[in-house]
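# Structural overview
One letter stands for each residue in the lines below.
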Amino acid sequence: MITFGKLESQPGSEKKSVVSGEAEKVKCLIIGSGPAGYTAAIYAARANLSPVLYEGIQPGGQLTTTTEVENFPGYPEGVQGPQMMEDFKKQAMRFGTDVRFGIVTSVDFSQRPFKVVVDDEKTIEAQAVIIATGATAKYLGLESEEKFKGSGVSACATCDGFFYKGQDVAVVGGGDTACEEALYLSGICRKVYMIVRKDYLRASKAMQQRVFNTPNIEVLFGHVTKEIVGSNVVEGVILENSKGELVRKDISGFFVAIGHTPNSDVFKPWIETDEQGYIKTIPGSSRTNIPGVFACGDVQDKIYRQAITAAGSGCMAAIDAERFLSEHGLA
Ligand code: NDP
């Protein structure tokens, strides 16, 4: 019988729930089921680490909310995002990954084996943990935005920009991500509107300069999105300017770039994050501040956020975990 919970002297101990129960012993636990988690699972399983993977709130991760993926190498004809994640999962299971439904609700990384509680009831004791919980794109919260997700509304220009080749699109947001998305789209689309709610951009000066020097980007300062309109696909956007007037812009793609939220809250009592909550990893590795806990994918990457980079970092995490376990005579 294992009981754990309050550790008075540990950081964030107030956040830990007291859970009792027979703990399951696992060599390598992977949390998250996007490209990072499944790639970590493929490598860990092939290295005989008998990984157990918990899928989390959104099995398959962010790619299950997209339609066609054309930029992942190995799919020359493109592939539907949900199908690609099914393929990842099958490949991970083929080598023996134990894939399970479940959400990690608390962790105790004060000592090894690490204690991880799933769905507030099941306790796992893991010698190595790979965090691959991803990030969640923020949306405006409009009903019409929800309606057109996957048919004109996207949170990733690199993923979906190509579908709007030669057309007019809009990007909402005024940070570095919005500027990057607008610049990327400016090379593909005829015209890019940047919808910025304030009268300035929050992005770095260098990024702002690049935006202002790009002739087919028009920055609409002091504009707020009221509604996205269209019949089956996006045809336009209704904006409200600072004078309270409604303005319509005809567009076929609406890109939301108002930030992401890394899914790291449950780990924060133990794992160092930056001010936005992204897990800090030691450069050139997937190692976190706790030896034996590794992080990969979007939960530790605010710059690239691509399926292929997430998959690459998942591979790194599995190799790092395998080396860690070998060094400790546990592999
Ligand atoms: P940020 O939080 O920096 O910017 C979000 C932008 O979205 C802001 O302009 C904000 O407006 C706007 N916004 C937020 N909510 C709404 C809303 N409801 N309606 C309209 N606009 C809204 O997020 P980013 O994703 O741009 O960047 C996150 C971090 O990652 C930053 O530190 C950034 O520097 C970094 N980054 C670095 C890159 C690089 O170095 N190449 C690339 C991408 C990101 P407001 O200003 O009014 O709050």
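Rules and cut-offs
Residues numbered from 1 in each chain as written. Predicted model: local features only at pLDDT ≥ 70, side-chain atom pairs only at ≥ 80, totals over all residues. Heavy atoms only, no water. Core = buried A, V, L, I, M, F, W, Y, C linked by side-chain atoms within 4.5 Å. Buried < 20%, exposed > 50% of the residue type's maximum accessible area, 1.4 Å probe, protein only. Helix = DSSP H or I, 4+ residues; strand = E, 2+ residues; numbered from the N terminus. Contact = heavy atoms within 4.5 Å. Phe/Tyr/Trp six-rings, centres within 6.5 Å; stacked < 30°, edge-to-face > 60°. Salt bridge = Lys/Arg side-chain N within 4 Å of Asp/Glu carboxyl O. Pairing = 2+ DSSP bridges. Axes fitted to C-alpha atoms, helices over the stretch in contact; angles between N-to-C directions. Near = heavy atom within 4 Å. Polar contact = N/O pair within 3.5 Å; in protein donor to acceptor, adjacent residues only side chain to side chain. Areas by Shrake-Rupley, 256 points an atom, 1.4 Å probe, with all protein chains shown as cover. Nonpolar A, V, L, I, M, F, W, Y, C, P; charged D, E, K, R; others polar. Domains from an automatic or database assignment. Lys, Arg positive; Asp, Glu negative; His and termini not counted. Disulfide = S-S within 2.5 Å.

## Some thoughts on the nonpolar core
Judged by nonpolar contacts, the single largest core of 32 residues is most densely connected at Ile30, Tyr38, Phe72, Met84, Phe88, Ile130 and Phe294. Of all the secondary-structure elements, those providing two or more residues to this core are strand S3 (24–31), helix H1 (35–46), helix H2 (81–94), strand S10 (122–131) and helix H7 (307–327). No other element matches the eight residues that H7 contributes to this core. Every residue in contact with Phe88, bar those within four places of it in the chain, is listed here: Pro35, Tyr38, Thr39, Ile42, Phe72 and Ala311.

## Examining the packing of aromatic side chains
Inspection of the entire model under this criterion finds seven aromatic pairs. A centroid spacing of 5.4 Å and a plane angle of 75° characterise the contact between Phe109 and Phe114, whose relative ring orientation is edge-to-face. Centroid distance Phe109 to Phe267: 6.3 Å. Interplanar angle 10°. Geometry classified as stacked. With a gap of 158 residues between them, Phe109 in the loop between strand S8 (104–108) and strand S9 (114–118) and Phe267 in the loop between strand S20 (260–262) and strand S21 (293–295) connect regions that are remote in the sequence. With relative accessibility at 1%, the residue Phe267 sits in the buried group. Ring pairs connect the aromatic residues Phe72, Tyr75 and Phe88, which therefore count as one cluster.

## As for the pattern of salt bridges
Inspection of the entire model under this criterion finds 12 salt bridges. Residues Asp265 and Lys268 are paired through a salt bridge, measuring 3.0 Å at the closest nitrogen-oxygen approach. Classification of Asp265 by relative accessible area gives exposed; the value is 53%. For Lys268, a relative accessible area of 35% puts it in the partly exposed group. Taken together, the shared-partner salt bridges connect Glu24, Asp98, Arg100 and Lys122 into one network.

## Points about the sheet that holds strand S15 (residues 217–221)
Ordered by their spatial adjacency, five strands build an open sheet running S12-S19-S13-S14-S15, and the pairing between neighbours is parallel. Looking at strand neighbours, the two that pair on one side only are strand S12 (153–154) and S15, the edges of this open sheet.

## A look at the sheet that holds strand S16 (residues 224–229)
Spatial ordering of the open sheet is given by S16-S17-S18, a layout of three strands whose pairing is antiparallel. This sheet does not close on itself; its edge strands, each paired only once, are S16 and strand S18 (246–250). In this sheet, neighbouring strand axes are inclined to one another by 25° on average, regardless of whether the strands run parallel or antiparallel. Of the strand pairs in this sheet, strand S17 (residues 236–240) and S18 are connected by five bridges, and their pairing is antiparallel. Its bridge partner lying in S18, Leu239 is registered against Val247.

## Re the site of the ligand
Lining the immediate surroundings of the ligand are 16 residues, of which Gly174, Asp176, Thr177, Arg197 and Arg202 lie closest. At 2.5 Å, a side-chain N or O of Asp176 approaches an oxygen atom of the ligand. One of the side-chain nitrogen or oxygen atoms of Arg202 is found 2.4 Å away from an oxygen atom of the ligand. Within the complex, the protein chains bury 76% of what would otherwise be the 920 Å² of accessible surface of the ligand. A class-by-class count of the residues in the shell around the ligand yields three nonpolar, six polar and seven charged. Two domains each provide a minimum of three residues to the shell around the ligand, namely domain 1 (24–136 + 260–327) and domain 2 (139–256).

## So, the side chain of Asp320
Tracing the chain through its elements places Asp320 in helix H7. One buried charged residue, Asp320, forms no salt bridge at all, with the nearest opposite charge on Arg323 at 5.0 Å. Side chain to side chain, Asp320 and Ser286 meet in a polar contact 2.6 Å long. Leave out the neighbours within four places in its chain, and Asp320 touches Ser285, Ser286, Arg287 and Phe294.

## Let's talk about the state of the cysteines
Considering all chains together, one arrives at one disulfide under this definition. The disulfide partner of Cys156 is Cys159, and the S-S distance across this bridge is 2.1 Å. Between Cys156 and Cys159, the disulfide has an S-S torsion of 75° and is therefore right-handed. Here Cys156 falls in the buried class, since its relative accessible area comes to 14%. Looking at Cys159, the relative accessible area reads 22%, which means it is partly exposed. The closest cysteine sulfur to the non-disulfide-bonded Cys28 is located on Cys296, 9.9 Å from its own sulfur. When its relative accessible area of 0% is taken as the criterion, Cys28 is described as buried. As a non-bridged cysteine, Cys189 has Cys156 as the owner of its nearest cysteine sulfur, 13 Å distant. Look at Cys189 and you get buried, because its relative accessible area is 6%.

That is the geometry; function is a separate question.
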